[in-house]
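Residue-level structure breakdown
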Amino acid sequence: MSVEGNQTAKRLVPNNVLIAKRKAKGWSRLRAARELERAGLQRGLRVPDADAIEKAVYRHETGRTACRDQLYIELYCLVYDATPHELFGDVEPTTPAADTFGLRSHKFVCAYIGADQAADLVKRGMVEQTEPLCGLDSYANSGVPVDGECRLYTWPFGVAILHLCEEMRFPGIANLATWRRRSYIQNLDWASGYLSGLNGNPVEASYVLSLYWLHSPMWSGPDLETAARIMSTPRVLLERDSEESESSLGHAELVERSLFAEGFDHSEIIPFGLKGISAGYASWSGVVYCPLAPRRALAEDELVTTELATQAMWAYCQHINGQIEQGRDPDVPDPYGWRFLRGVRSRLTNARPQETGQHRSMRTAILDTSGLIGHLTQAIDILRETSEG
């Protein structure tokens, strides 16, 4: 063998994942080739014959050829029930472009109900204690009567959050933006009525924050990143104070196409995805996360838990600062004064010993874009000043 041949042999890196997947099924390469051929024909794809596929399997497994053919990537994923990233470390999805995208919309509808009302809900058994969320004692009830999945969370310092989870599909981000605007108004009205009815006291839900878990994107590569950035600030597609109509949707669709053509970014959008693993962006308006490699990406409940804790503290600080703006000294429950807030700020901002880098990046992005740390610092200073005065 020539020197060049030796060097080539040394550079070969077998794809041990493909080999292990095949051997786990007890298949020879010929049997694997026949299974790939069968899967392709069932999908209506034009595939080579089994002999040609067997040679390709040999080259892919031994590393003599990198698997870049979209047909083979799709066939391997079908037969081995795996993702492209699992088998090849590829970033790009290999399925044909879809005409819609699918996501789970997590809406956090926030309100301050007061510590007494929160305690009364616990006493009446309407909410039960859950595992602490980011170190905050919390209570929850999943029996909220509404379309979709909804849980009521309360905290002993007087905040309530209705967490509404909806499975949605849209043909474009413009449709998401218009649905979001319309549904926010409906969600706030419904939440205010629901929370007011729990104790018979008037409650006004103050805002909605959205987290989108993008599980079925219709884009890939740079377009996926652009889409995620637009989805984190969907209001950018809408005219200010525009009404719901076909013309407003049509205008939003034109803006969407323009932003994809020109590229879209904003200095206040913070990325927290990891190349090849996920696409993630946070902004003042919301959070978007697309797990490209689900087994290596963040789990959905990690983002939900972080948002619940963040919005619970944001609503509490909003209540404190609102009292100051009305010219009153803030009135807060004794256990939840400035020392409590100082402890919360430390728990939210300082990394935990077992925390992953992905989780830390996500947590930091959400905290930075929410403005919560500034809120906490201001509330701590105000409560400390009034308590010592």
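Since the structure is predicted, the reported quantities are computational estimates derived from the model, not experimental observations. (Residues numbered from 1 in each chain as written. Predicted model: local features only at pLDDT ≥ 70, side-chain atom pairs only at ≥ 80, totals over all residues. Heavy atoms only, no water.)

Overview of the overall build of the chain
For clarity, the cut-off: The helix and strand labels rest on DSSP assignments: H or I over at least four residues marks a helix, E over at least two residues marks a strand, and numbering proceeds from the N terminus. We call a residue buried when its accessible area falls under 20% of the maximum for its residue type, exposed when it is over 50%, and partly exposed in between, using a 1.4 Å probe and counting protein chains only. The contact criterion used is simple: two residues touch if any of their non-hydrogen atoms lie within 4.5 Å. Charged residues are defined narrowly, with Lys and Arg counted positive, Asp and Glu counted negative, and His plus the chain ends left uncounted. Positions of charges follow a simple convention, taking NZ of Lys, CZ of Arg, CG of Asp or CD of Glu.
A count of helical and extended segments in the chain gives 14 helices and 9 strands. Based on the C-alpha atoms only, the size of the chain along its principal axes is roughly 90 × 50 × 40 Å. Residue burial in the chain is summarised as follows: out of 389 residues, 50% are buried. Contacts spanning at least 24 positions in sequence make up 67% of the contacts within the chain whose residues lie at least 6 apart. Once the 41 positive and 50 negative side-chain charges of the chain are each reduced to a mean point, those two points are 10 Å apart.

Brief notes about helix 9 (residues 221-232)
One turn of the α-helix equals 3.6 residues, which is why residues spaced by three or four share an orientation. Inclusion rule: Each residue after the first adds 1.5 Å to the expected span of a helix.
The terminal C-alpha atoms of helix 9, which comprises 12 residues, lie 17 Å apart, in line with the 16 Å expected from a rise of 1.5 Å per residue. Of all 12 residues making up helix 9, 9 are buried, and the element is well covered by its neighbours.

Considerations on the sheet that holds strand 9 (residues 286-291)
The criterion, for reference: Note on pairing: DSSP must find at least two bridges between two strands before they are called paired. Helix axes are fitted to C-alpha atoms over the stretch in contact, other axes to C-alpha atoms as well, and angles between N-to-C directions run from 0 to 180 degrees.
Strand order in this open sheet of 9 strands is 2-3-4-5-1-6-9-8-7, and the pairing throughout is mixed. At either end of the open sheet lies a strand with only one pairing partner, and these are strand 2 (128-129) and strand 7 (270-271). In terms of strand pairing, strand 3 (residues 139-141) meets strand 4 (residues 149-154) through 3 bridges, oriented antiparallel. In the sheet register, Asn141 faces strand 4, and the bridge partner there is Leu152. Each of strand 1 (101-112), strand 4, strand 5 (159-170), strand 6 (207-216) and strand 9 touches helix 11 (residues 300-325); the most contacted strand, strand 1, lies at about 25 degrees to it.

Topic: the pairing of strand 9
Of all 6 residues making up strand 9, 6 are buried, and the element is well covered by its neighbours. Along strand 9, one buried face is formed by Gly286, Val288 and Cys290 and the opposite face, lined by Val287, Tyr289 and Pro291, is buried too. With 4 bridges joining them, strand 6 and strand 9 adopt parallel strand pairing. By the bridge assignment for strand 9, Ser210 is matched with Gly286. Bridging between strand 8 (residues 278-282) and strand 9 involves 5 bridges; their strand directions are antiparallel. For Gly280, the partnering residue across the bridge sits in strand 9 and is Tyr289. Between strand 8 and strand 9, which pair antiparallel in sequence order, lie 3 residues.

A closer look at the packing of aromatic side chains
Just so we agree on the cut-off: Centres within 6.5 Å are what make two rings of Phe, Tyr or Trp a pair, Trp counting through its six-membered ring; a difference in plane orientation under 30 degrees is then read as stacked, over 60 as edge-to-face, and the rest as tilted.
Going through the model one piece at a time under the given rule, you end up with 18 aromatic pairs. Residues Phe157 and Phe340 carry aromatic rings whose centres are separated by 5.6 Å and whose planes lie at 45 degrees to one another, so their mutual orientation is tilted. Residue Phe157 is found in the loop between strand 4 and strand 5, and its partner Phe340 is found in helix 12 (residues 338-349); the two are separated by 183 residues along the sequence. Between the aromatic rings of Phe170 and Trp179, the centroid separation amounts to 5.6 Å while the plane-to-plane angle is 50 degrees, which identifies the pairing as tilted. Three or more aromatic residues link up through ring pairs in this structure, and these residues are Trp27, Tyr72, Tyr76, Tyr80 and Phe88.

Observations regarding the pattern of salt bridges
Cut-off, in case you're wondering: Definition used for salt bridges: Asp or Glu carboxyl oxygen within 4 Å of a side-chain nitrogen of Lys or Arg.
Tallied over the full model, the rule gives 9 salt bridges. A salt bridge links Arg29 to Glu61; its shortest N-O distance comes to 2.8 Å. Here Arg29 is found in helix 3 (residues 29-42), whereas its partner Glu61 is found in helix 4 (residues 50-62), with 32 residues between them in sequence. For Arg29, a relative accessible area of 26% corresponds to the partly exposed category. A relative accessible area of 1% means that Glu61 is categorised as buried. Linked by salt bridges that have partners in common, Arg22, Arg29 and Glu61 make up one network.

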